[in-house]
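Here are the chains, one letter per residue:
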Amino acid sequence: MAFDTRSQSVLRKLPASAALLASTALFATPVFAQDAEPQPAPSAAQSAPAESEAIVVTGIRSSLQSALNQKRSADSLIEVIEAEDIGKLPDQNLAEVLENIPGIQITREAGVGTGVQIRGTNDNRTEINGVSTVGSGSGRGGISFEDVSASIISSVEVIKAPEAKTIEGSVGGTINLRTIRPLDLNEPLIAARVQGEYSELSDSTKPRLSGTLGNRWDTGVGEIGIVLSGSYAEQEATSFRPRVDRDGGLVENVNANVVRNGTAQAPSARPAAQDFDFVGIQFLNQELENFEYETVNFAGTLEWAPSDKLKFYFDTVYNDQERRQDSSRVQASGVSALVDHMVPDTFETVDFGSLDGVDLGSIQVAETGVIEPILSVDGDDPNLRFSSDVGARLTTSEIYRLGTEFEAGRFSARVEASRSLSNTTSPDLSTTINFINPHTPTGSGNDNAVPFAYDLSGNSLTFGINQNSQYAPTAAELLDPANVVLQQIVIGNDSQRNKEDAFRIDASVDVYGTNPFFTSFDWGYRYSKTTSTYNDVGSTLTLSQMNDSPRGTAFAELLVPGPDNFGDADGRELYFGDFLLIDPDRAFSDREGTLAILQDALNSVPGMRQIGEASENSAGYFSIDETTHAVYGQANFEYGPIRGNIGLRWIDTSLDSTGNSVTGSDVTQVVTKGGYAKLLPRINLAAEVTDDVMVRASWGKDINRPDYDLLSTSVSFVTSENAAVQIGNANLKPETVTSYDLSADWYFAPSSVLSVAFFHKNRKDLFVTQLEDAPLDANGFRDITAPCEGGGIYNPIAFRNQLSPIGGSGMCVPILTTINDTGSTTQTGVEVTFQYDLSQFEDTLGFASGFGLLANYTYQEYGGGEAFNTSATRGTDIFNAINGIYDDADFVTYTAKQGLLDFSKHAYNVTVYYEKYGLSARARYTWRDSFRTLDTVGGATLSSTLGFPVVTAARGQLNGSINYDITEWLAVGVEGVNLTKSTIKQYCVNDGALLCGEGLPDRRLIAGFSVRF
């Protein structure tokens, strides 16, 4: 039947207090779940109990049992978390909610869950009520999880094995966020929640408010229901991220026969009294990453069922988020100029491990020491600068769904139209000021020498001013506007608009009882048109000469002390605690006024440089239009204990990629056309071996479309001299993935299960990044003139820092592009899930029967592929020196297969919960193994990490919550995130090799109360 009246009859017997949770209001299973079709009549084993057999269970156990029931009755492999479960997790971030599911790991930004990997891949789909969502950026995964409040979501479903009717476009799985369905309500719904979130490192408390209203009525024209859910939340998330580059300061020993470009290097050019190779300090970066969120969410649903054979529905979801960045960076730059003169006090031996079976060997690396100015050498190195990063993301997302479901005899169908759109602007006014040390001479350049000390022992990166130096500035001098000059202004107002319009027809005919095998036949058609348009808007002013650079006294009203609490995260004593910034709050709230003051300051110095208006960068524009037609046919069957489905999905996609070809002042718009057609077979089998054991098997194919920016034919530049320029590839083919799944579930007790699942994926045409380096010359400098004959691309706005002896802007930088891997790759893994509840032993255990346990473990491995990362210039220098090769004519480059990014081999999480006497408590520990990533600390790139993605070390995190029902309608609670303040370590080349970055995320506490009626 088109309407599951059996489920409705049970749901209507549940009181609202049992079905309602403070944060998410209510669980009510949607009549039609994601891509749901009219189901065949149930077998005896599937038949629902009569109303007299309904048992009311509340709280955590109710949600766990309901989720297990949905998983058990599905024909394909799915995982479900119900609203009660979401509401009682120790974090209200949806990414952290999904982390409870086996096979899922997440990544975080400033401690907030943002990315989700399903079975080792980021390439997944996110839907709301079965409708595609579009993200704020150029990715395909859909809406960002930090943009959606859990308070408007009733349940989360993850489809790991798709059916033919499941929309294509994911490798790991499809995430469907369900909102509350009003016709499932049994009585009026009123719920609200008021909370405050305290962030320890930012020392701030922000509000969280949510509420839900809903009801259904029996009228003369049928049943009508409406649910309105809304939330308002502010959040501040802080993370301290120190970074040290020890990858560009290779110092060869005085006895080595060093030859560069055919010329022997004299031993006198290398440190005296040092007879071994070592890697010195290249760069010190103290980053305080801070994001302030203000998020408004709304979800509304109207349903009208004139009869039990016909229903109309309208859904809308609206999200409005301002994510403001209020970050700072303190950089010790130019330190590599003294690497041949400042020998470290102590060294550590770093074993770089091996790459693809080749042993890289070990070398001595700077561990502790000072970087002291030598005024007779290079004059003003090293130097100190302070940056205020004020880039923001302002995103509005809208989803509309209008449809009808009807049935006539054995025939049923759904007709639905939907629109998803996202509009994002990224205003930016980031600034950098240079510190002018009053204790060292100043030349024509707008920086001069500052002494530094570093202590990288104890697996921690600490550094700051060398207070024992005769050149050391005092705190008062560091905070004196007279001792800083303006160095850079970055203005931005990028925009991105993503939209998908879709129309679908899904039909089914019920043939149950007419034959011994097939129960129903489903078929359907879906049309979708997706567009993504990006505009790069901005301007950059870079100052390198004192004549151009006003002193801070000319814009003193804009200067404020930077955060001085960098030691709060781990108790470190060596850090930059005194420095000035151009006020980020003022730069964000009064951009025009801030620019006017800075322009007046520029007019007060001889150079009288002008701040350019933010303008469109033609080289950064792209527009992607993609149209897809999809048809599917699926046969559902059941024979004895075996049921399942077999079907085909056929898609045809056409693509137009519009970009700009820029030559001098001439801009020509170029349209590149492409397209593809794919046939995707899918089979799912489920066998009820015994009353308690279910075995499943699935086989199917899917595709993964490239992100929009990967298809762009335009080129965009940033100011960093280390940042590679990404160049798109409009000829990228979609990846094709073939998946095999086999699982067994043993439901050995109420709300309990032991499950083992095996999966294997074969991927073809994997998207892989390729780096073309811009090589350094014998002096460690890059080419600063076009057309970069030695490699790379000319970036006209790259600020010349330590990689050029001449100041200003413009130099050759690396190129980063994406290609299809010519080889096939595989992902294989095992998931083990255990869930147990002691409530059945209440008579014997008493209060202890309130305990329960949830645990899962995932093992996965990756193989194959033919794409490689190659050692960058810095890495090549180091690895050859380790192996005694000092003539660059004989240098050997080192390679390693790329593998999957953000892929952990092992992961587990364990949740212990207690629910009894109105008390509900959880403690969840989540751990994931090390993984390679391009998400690096302080803007590090492949060039500065020796040519290979960094490795984020294994890490665990503890979250917890306690809630207490004071009355039937009032509850109080407290939740904690990252209770043990677990840190993040990032290593260059291999796990445990060269420590190059740290993350010290926040601990957050959320407390409040909820009411429900």
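Numbers given to residues run from 1 along each chain, matching the order in which its sequence is written. Since the coordinates come from a predicted model, pLDDT governs what is reported: local features require at least 70, and pairs of side-chain atoms require 80 or more to be given and counted, while whole-chain, interface and lining totals use all residues. To get the side-chain values, all heavy atoms of the structure are used, and hydrogens and water are removed first.

1. Digging into the overall build of the chain
Put simply, the test is: Secondary structure is summarised from DSSP: a helix means a run of H or I of at least four residues, a strand means a run of E of at least two, and numbering begins at the N terminus for each. What the globule rule says is 2.2 Å times the number of residues to the power 0.38, and the radius of gyration is computed from C-alpha atoms. A simple rule labels every residue: compare its accessible area, found with a 1.4 Å probe on the protein chains alone, to the largest value its type can have, and call it buried under 20%, exposed over 50%, or partly exposed in between. We call two residues in contact when some of their heavy atoms are within 4.5 Å.
Within the chain one finds ten helices and 56 strands. Relative to a compact globule of 1013 residues, whose C-alpha radius of gyration would be 31 Å, the chain shows 30 Å and is just as compact. Oriented by its inertia axes, the alpha-carbon framework of the chain measures out at about 95 × 60 × 55 Å. A total of 1013 residues make up the chain; the buried ones form 61% of that total. Sequence-distant contacts, at least 24 apart, represent 75% of the contacts inside the chain between residues at least 6 apart.

2. Considering the nonpolar core
Defined as follows: Only buried residues count toward a nonpolar core, which is a set of Ala, Val, Leu, Ile, Met, Phe, Trp, Tyr and Cys residues joined through side-chain atoms within 4.5 Å.
One finds Leu384, Phe386, Phe452 and Phe555 to be the most contacted residues of the largest nonpolar core, which totals 49 residues. Residue contributions to this core peak at five residues, all from helix H8 (residues 591-603). Setting aside anything within four residues of it in sequence, one finds Leu384 in contact with Val330, Gln331, Asn434, Phe435, Val450, Phe452, Ile465, Leu478 and Phe576. Core analysis: the next-biggest nonpolar cluster, separate from the first, contains 25 residues, Leu94, Ile143, Phe145 and Leu177 among them.

3. What to know about the packing of aromatic side chains
As a reminder, the rule being used: Ring pairs are drawn from Phe, Tyr and Trp, using the six-membered ring of Trp, whenever the two centres fall within 6.5 Å, and their geometry is named by plane angle: stacked under 30 degrees, edge-to-face over 60, tilted for the rest. Whether a charge sits over a ring comes down to the Lys NZ or Arg CZ being within 6 Å of the ring centre and within 35 degrees of the ring normal.
Scanning all chains against the criterion turns up 28 aromatic pairs. Centroid distance Phe278 to Phe347: 5.2 Å. Interplanar angle 65 degrees. Geometry classified as edge-to-face. With Phe278 in strand E14 (residues 278-280) and Phe347 in strand E18 (residues 346-351), the pair connects residues that are 69 residues apart, well separated along the chain. Members of the aromatic cluster, connected to one another through ring pairs, are Phe517, Phe518, Phe521, Phe637 and Tyr639. A cation over an aromatic ring shows up here: Lys916 above the ring of Tyr917, its NZ or CZ 5.3 Å from the ring centre.

4. Quick look at the environment of Ile962
Within the secondary structure layout, Ile962 lies in strand E52 (residues 955-965). Given the relative accessible area of 46%, Ile962 is considered partly exposed. Considering only alpha carbons, one finds Ile962 and Ser920, 42 residues apart in sequence, at a separation of 5.8 Å. Those residues in contact with Ile962, other than ones at most four positions away along the chain, are Leu919, Ser920, Ala921, Val972, Gly973 and Val974.

5. Quick look at a nonpolar patch on the surface
For clarity, the threshold we go by: Each patch is assembled from residues with relative accessible area greater than 30% and no salt bridge, linking like charges that lie within 9 Å and nonpolar side chains (Val, Leu, Ile, Met, Phe, Trp, Tyr) that lie within 5 Å. Surface exposure here means Shrake-Rupley accessible area, sampled with a 1.4 Å probe, where a residue is shielded only by the protein chains that are shown. Basic side-chain nitrogens of Lys or Arg form a salt bridge, by our definition, when they fall within 4 Å of a carboxyl oxygen of Asp or Glu.
A cluster of nonpolar side chains, Ile190, Leu213, Trp217, Ile226, Leu228, Phe298, Leu302, Phe314, Tyr400, Leu402, Trp969 and Phe1013, forms an exposed patch at the surface whose accessible area comes to about 1,100 Å². Of note, Trp969 is situated in the loop between E52 and strand E53 (970-977). Trp969 gets classed as partly exposed once you look at its relative accessible area, which sits at 41%.

6. Brief notes about the environment of Pro563
Its location among the elements puts Pro563 in the loop between strand E30 (559-561) and strand E31 (580-582). Its relative accessible area of 31% is what places Pro563 among the partly exposed residues.

7. With respect to the sheet that holds strand E6 (residues 155-159)
Applicable threshold: The pairing criterion is simple: DSSP has to find at least two bridges between the two strands.
Read from one edge of the open sheet, five strands run E1-E6-E7-E4-E5, paired in mixed fashion. Looking at which strands have only one partner, the edges of the open sheet turn out to be strand E1 (78-82) and strand E5 (131-132).

8. Description of the state of the cysteines
Cysteine pairs can be covalently joined through their sulfur atoms, and such a bond is termed a disulfide. For clarity, the threshold we go by: Sulfur atoms of two cysteines make up a disulfide when they are within 2.5 Å.
Under the counting rule described, the total for this entry stands at two disulfides. Linked covalently through their sulfurs, Cys788 and Cys812 form a disulfide whose S-S length is 2.1 Å. An S-S torsion of about -95 degrees defines the bridge between Cys788 and Cys812 as left-handed. Of this pair, Cys788 sits in the loop between strand E40 (767-772) and strand E41 (793-799) while Cys812 sits in strand E42 (residues 809-813), placing them 24 residues apart in sequence. What pairs with Cys988 in a disulfide is Cys996, and their sulfur atoms sit 2.5 Å apart. Torsion about the S-S bond of the Cys988 and Cys996 cystine: about 120 degrees, corresponding to right-handed handedness. Taken as a pair, Cys988 and Cys996 share a single burial class, namely buried. Cysteine pairing for the chain, with bonded cysteines counted in sequence order: 1-2, 3-4.

9. A look at H8
Put simply, the test is: Under the convention used throughout, the expected extent of a helix is 1.5 Å for every residue step, that is, one less than its residue count.
The end-to-end C-alpha separation of H8 is 18 Å, in line with the 18 Å expected for 13 residues at 1.5 Å each. Within H8 the residues assigned to the buried category are Thr594, Leu595, Ile597, Leu598, Gln599, Ala601 and Leu602. Each element contacted by the buried residues of H8 is listed here: strand E24 (411-435), strand E27 (484-510), strand E29 (537-542), E31 and helix H7 (584-589).

10. Points about the pattern of salt bridges
A complete count under the given rule lists 62 salt bridges for this structure. The partner of Asp315 in a salt bridge is Arg181, with the nearest N and O atoms 3.1 Å apart. Pair noted here: Asp315 is in strand E16 (residues 310-325) and Arg181 is in the loop between strand E7 (174-178) and strand E8 (189-199), with a separation of 134 residues, a long-range link. The same class applies to Asp315 and to Arg181, which are both buried. For Arg241, the salt bridge goes to Glu287, with nearest N and O atoms at 3.3 Å. Taken together, the residues Arg241 in strand E10 (residues 222-245) and Glu287 in strand E15 (residues 283-307) connect sequence positions 46 residues apart.

11. Remarks on the side chain of Ser930
Within the secondary structure layout, Ser930 lies in the loop between strand E49 (919-928) and strand E50 (931-933). Classification of Ser930 by relative accessible area gives buried; the value is 18%. With residues up to four places along the chain from it excluded, the contact list for Ser930 reads Phe903, Ser904, Lys905, Val951, Thr952, Ala953, Ala954 and Asp991.

12. Description of the environment of Gly810
Tracing the backbone shows Gly810 in strand E42. Overall, Gly810 belongs to the buried group, its relative accessible area being 0%. Sequence separation between Gly810 and Glu721 is 89 residues; the distance between their C-alpha atoms is 8.5 Å. The residues touching Gly810, leaving out its near neighbours within four places in the chain, are Ile784, Tyr794, Asn795, Pro796, Ile797, Ala798 and Arg800.

13. Here's the deal with the confidence of the model for the chain
Rules: Confidence scores labelled pLDDT are given residue by residue by the predictor and lie between 0 and 100.
Chain-level pLDDT for the chain is 87 on average; 92% of the residues reach the 70-or-more range. Within the model, the stretch residues 1-57 combines pLDDT values under 50 with 148 contacts to residues more than four positions away or in other chains. Low pLDDT, under 50, characterises residues 85-90; the stretch is placed with 37 contacts to residues that sit more than four places away or in other chains.

14. Let's talk about helix H10 (residues 873-882)
Among the ten residues in H10, eight count as buried, and that is most of the element. Every buried residue of H10 is accounted for by Thr873, Arg874, Gly875, Thr876, Ile878, Phe879, Asn880 and Ala881. Note on H10: the residue one or two positions beyond its end, Gly884, has a positive phi of about 75 degrees.

15. Quick word on the sheet that holds strand E43 (residues 815-820)
To summarise the sheet geometry, strands pair through backbone hydrogen bonds and adopt either a parallel or an antiparallel arrangement. Quick reminder of the rule: Lines fitted to C-alpha atoms define the axes here, with helix axes fitted over just the stretch in contact, and angles between the N-to-C directions of these axes take values from 0 to 180 degrees.
With mixed pairing, the three strands of this open sheet are ordered in space as E37-E43-E40. Edge positions in the sheet fall to strand E37 (725-727) and E40, since each has one partner strand and no second. Geometrically, the sheet is characterised by an average inter-axis angle of 30 degrees between neighbouring strands, direction not taken into account.

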